[in-house]
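These are the residues of each chain, in order.
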Amino acid sequence: MSRWRGLFESRRFGELAPIPKFICYALLALWSIIVLFPLYWVLVTSFKEPVDVAYPPKFLPFIDFQPSLHAWHYIFVDLGNDTFRPYANSLIVASVSTLLAVLIGSMAAYALSRIEYKPKLGSIIGFILLLALAIVAVVHWQVDWRLAVIVAVVLFLLLLRAFGRYFRRHLGNGDILFWIISQRILPPVVAAIPIYVMFQKVGLLDTHLALIITYTTVNLPIVVWLMYDFFAAIPRDLEESAQLDGASRYRIFVGIVLPLAKPGLIAASLLVLILAWNEYLLALFLSTAKAQTIPLLVAAQNATRGPQWWYMSVLIIIMIAPVVVLTIILQKYIARGLLLGAVKG
Amino acid sequence: MRLSFSDWFDRQADRLFILPAVLILLAFSIFPLLISAYLAVSRFQLTAGGYQLRFIGWLNFKKLLIGGEQYHFLGVFAPVPWYGWLLGAAVVLLLARSLASYIRSGKSTVIGLVGRAVTTMAILALTVLLATTIGAGGQLGSLSVTVIYVAVGVTCQFLTGLGLAMLCSQNIRCRSFFRVVFFLPLMVTPVGIAYTFRMLADMTQGPFAGLWRLIGLGDLSWASQAWSARLVVMVGDTWQWTPFIFIVLLAAIEGQSREQVEAASLDGASYWQIFRDVTWPEIAPVASTIVLIRVIEAFKIVDLPNVLTNGGPGIATESLTLHSFINWRALDLGGSAAVAYMLLIVSTVICASFFNYVMQPMRSRRQ
């Protein structure tokens, strides 16, 4: 009995006994295969002729089948601009929306971690009521939307002036933070139709701008969630001494706080970038031809002739490649950056 | 006194920092939410040269709950099978236990009781729905299917992610290699994953076709069976989202203090004991947060069932988001918004319950 226990017990601390060590490596290798095999299959399929996709499955290029570049040729040469345009669209939309989301989100997160806000409950309810009224006016009574928005905003400001001081109950920073995060619960499909209608009204459908604005909004809560704890954990002495030296808040934010929060910024940017880069549903609603993004092109390979696996594989690979490179470069930041947000989130 | 623009700009800093975020969220979240609410209570019709919205009250919801779309949303009811009773009994026991322990704790408040009552009712209702539609002759609706995706998917992802994180935190070589490899699935677009799994799961041409023939399943088509189709969807979902849980839990495990683990291991505690008494309490808050994030995201599942099975066979793999999307494609905007609103209500109740009654106690216990 004791001999068997000796096999399993650790000898030196942190050093595994041989059998657990073997099991450990075996399991890790198994999961690596589970993760890598689908990706390997995609890579191999991209070099296959249509006849090679049939039964029996062919695994190894040069041995099982003769690899061909026909799919790559089709995607890069035959489709040419029809590939590069969605790719460029995706690049523009994903990077600009990530930049905006990280900038706006970290500003809000920083402000929430430093400044105490006290939005009045009454004014919030009033604002939502007026907004609802404006929507009903536009949709139901066919009022021009510009007029409705202006009237609603002016009315809101006037009412705030007149009755603002009677409102006592107010919310705190915690409530604002929760409100921002809770936006993530909103399923995109709830927002998709109204956003579609909205962009249609202002004539921005099928443009980069529409996608950029939408992705920025959708990903903003994640940035706020991740960055809030980062900023809260940064000691304030530096900022206070900078303030005494007469630096403005913007100066302090850009010059002192952002550099200190670099790991968090990188992790949040990467996560948001991946989400925006891969997004499908909203793109489907908001873009048809000009602003089409690359996930839509992947889905479009499911033609009437059945899915064109070889073309699809090429597209999937050129979609993953840049993100993989980025992740490998930035990998040490990811865990640290995500963790701080999650610990206290 | 005349203020220059930059002075004004500086004085307004406090507001200007948060204003962009609030404005953009108001415009693109609150505003769509209100419009969606409006759509959900109206009927959308295309007319000559435009469209018309007619107010019809709660008819869209009525159709989903007791009308012609009931089979689609709630499912087709059938006698409760034995595993339905089992599930029901387990859920009732669990709920009763947690309610009783809350009341006996002596710290119960009216708001706490009301909140817990809502949670209990919601979970009970979902359980009853699941039990009455899962049996032979019944048909799961998109609500039950979504709940199954969330419950089974997130459980599998969490357990796999936790297991991998535990393995990776051991004293092993190639740790950063495993870390990068395990992170890969997160980078693939969900649509791409869906097609990849369609290739892999192809029983006649896929990489495992030989294997299927060998065990005599070559002619079986998973896409024509409700449960095998759902299984493939959940496998794809698990493949994609395990990395997310893995990477965060790994960071949490590596962040814990080594002394406690060392002390426990010197005392002769087994791996399991160390995990249960030392590691788990330490990482529980992070774990609960990551589960909440996953649950929130999992309720929105759409790409995988859409591409893998197009919701079929029949409606067997249709999630709520896909249901709503299919309605939208059929220009039934009101019905689409109504489904979306039901999804919003269910996921909000579940997420808020989880946040209040699972996450908060875990966090406060640690402090």
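Conventions used here
Residues numbered from 1 in each chain as written. Chains lettered and ligands numbered in written order. Predicted model: local features only at pLDDT ≥ 70, side-chain atom pairs only at ≥ 80, totals over all residues. Helix = DSSP H or I, 4+ residues; strand = E, 2+ residues; numbered from the N terminus. Buried ≥ 20, exposed ≤ 12 C-beta atoms within 10 Å, placed from the backbone. Contact = placed C-beta atoms within 7 Å. Rg over C-alpha atoms; globule rule 2.2 N^0.38 Å. Nonpolar A, V, L, I, M, F, W, Y, C, P; charged D, E, K, R; others polar. Core = buried A, V, L, I, M, F, W, Y, C linked by C-beta atoms within 7 Å. pLDDT = per-residue confidence, 0-100. Axes fitted to C-alpha atoms, helices over the stretch in contact; angles between N-to-C directions. Parallel < 35°, antiparallel > 145°, perpendicular 65-115°, else oblique. Left-handed = near helix turned anticlockwise from the far one by under 90°. Expected span 1.5 Å × (residues − 1). Bend = angle between axes of the 7 residues up to and from the residue.

All right, on to the overall build of chain B then. Along chain B, the regular secondary structure elements total 16 helices and four strands. Principal-axis analysis of the C-alpha atoms gives chain B an extent of 90 × 80 × 50 Å. Here chain B holds 367 residues, and 41% of them are scored as buried. Taking the intrachain contacts of chain B between residues at least 6 apart in sequence as the baseline, contacts between residues at least 24 apart amount to 70%.

To continue, consider the overall build of chain A. On a plain count of helices and strands, chain A comes out with 15 helices and two strands. Compactness check: chain A gives a C-alpha radius of gyration of 27 Å against a globular reference of 20 Å for 345 residues, more than 25% above the reference. Counting over 345 residues, chain A shows a buried share of 38%. Counting only contacts in chain A whose residues sit at least 6 apart along the sequence, the fraction spanning at least 24 positions is 75%.

Moving on, we come to the interface of chain A and chain B. Contacts between the two partners involve 87 residues from chain A and, on the opposite side, 85 residues from chain B. The dominant element in the side of chain A that touches chain B, judged by the number of residues it contributes, is helix H15 (residues 309–344) of chain A, at 17 residues. In terms of residue class, the side of chain A that touches chain B is built from 69 nonpolar, 14 polar and four charged.

This part is about unusual backbone geometry. Residue and element names in this part refer to chain A. Phi angles above zero are rare outside glycine, and aspartate 206 is one such case at about 60°. Looking at the element boundaries, aspartate 206 is found in the loop between helix H8 (188–201) and helix H9 (208–233). Owing to 16 C-beta atoms within 10 Å, aspartate 206 belongs among the partly exposed residues under this scheme.

Turning to the nonpolar core, a few remarks are in order. Among the nonpolar cores identified, the biggest contains 174 residues, and Ala108, Val223, Val224, Met227, Ala268 and Leu315 of chain A together with Leu249 of chain B are the most heavily contacted of them. Setting aside chain neighbours within four positions, we find valine 224 of chain A in contact with Gly105, Ala108, Ala109, Ile180 and Ile181 of chain A together with Ala21 of chain B.

This part is about the confidence of the model for chain A. Residues and elements named next belong to chain A. For chain A, per-residue confidence averages 81 on the pLDDT scale, and 91% of positions sit at 70 or higher. Here helix H1 (residues 2–8) stands out as the least confident element of chain A, with mean pLDDT 45; helix H4 (residues 81–114) is the most confident, with 91. Counting interchain partners and residues more than four positions distant, the pLDDT-below-50 stretch residues 1–13 has 13 contacts.

To continue, consider the packing of H8 of chain A against helix H2 (residues 13–40) of chain B. Axis separation between H8 of chain A and H2 of chain B bottoms out at 8 Å; the angle between their running directions is 95°. Put simply, H8 of chain A runs roughly perpendicular to H2 of chain B. Here Val190, Ala191, Ile193, Pro194, Ile195 and Val197 of chain A of H8 of chain A lie close against H2 of chain B, whose contacting residues are Phe28, Ser29, Phe31, Pro32, Leu33, Ile35, Ser36 and Leu39 of chain B. Each residue belonging to the contact of H8 of chain A with H2 of chain B can be placed in one class, and the counts come to 12 nonpolar, two polar and no charged.

It is worth spelling out the packing of helix H7 (residues 142–168) of chain B against helix H11 (residues 226–255) of chain B at this point. Residue and element names in this part refer to chain B. Relative orientation of the contacting elements H7 and H11 amounts to 40°, with a least axis distance of 6 Å. With respect to H11, the axis of H7 lies oblique. Note on packing geometry: the crossing formed by H7 with H11 is right-handed. Here the contact of H7 with H11 is composed, by residue class, of 19 nonpolar, six polar and two charged.

Within the secondary structure layout, isoleucine 111 of chain B lies in helix H6 (residues 110–133). Remark: the alpha-carbon pair of isoleucine 111 of chain B and tryptophan 227 of chain B, spanning 116 residues in sequence, is separated by 40 Å.

To continue, consider the environment of valine 235 of chain B. All names here are of chain B. Residue position: valine 235 is located in helix H11. Residue valine 235 is classed as partly exposed on the basis of its C-beta count, with 18 C-beta atoms lying within 10 Å. Spatially, the C-alpha atoms of valine 235 and methionine 359 are 27 Å apart, while their sequence positions differ by 124 residues.

With that settled, consider helix H2 (residues 18–45) of chain A. Residue and element names in this part refer to chain A. Across its 28 residues, H2 extends 39 Å between first and last C-alpha, which sits within 8% of the 40 Å expected from 1.5 Å per residue. Along its length, H2 reaches its greatest deviation from straightness, about 30°, at leucine 36, and the proline proline 38 lies no more than four positions downstream. Of all the residues in H2, the buried ones are Leu28, Trp31, Pro38, Val42, Val44 and Thr45.

Residue and element names in this part refer to chain A. With 26 residues, H9 ought to run about 38 Å at 1.5 Å a step, and its terminal C-alpha atoms sit 36 Å apart, in line with that. Largest kink in H9: about 40°, centred on asparagine 219, with the proline proline 221 one to four residues after it. In terms of residue burial, H9 counts as a mostly covered element, since 21 of its 26 residues are buried.

Let us now look at the environment of glycine 112 of chain B. Along the polypeptide, glycine 112 of chain B turns up in helix H6. Considering only alpha carbons, one finds glycine 112 of chain B and leucine 266 of chain B, 154 residues apart in sequence, at a separation of 43 Å.

Here the focus is the confidence of the model for chain B. All names here are of chain B. In this model, chain B carries a mean pLDDT of 84, and residues with pLDDT of at least 70 account for 97%. Mean pLDDT per element in chain B: strand S2 (residues 50–55) is the minimum at 74, and H7 is the maximum at 92. For this predicted complex, the interface confidence reaches an ipTM of 0.82, while the overall pTM sits at 0.84.

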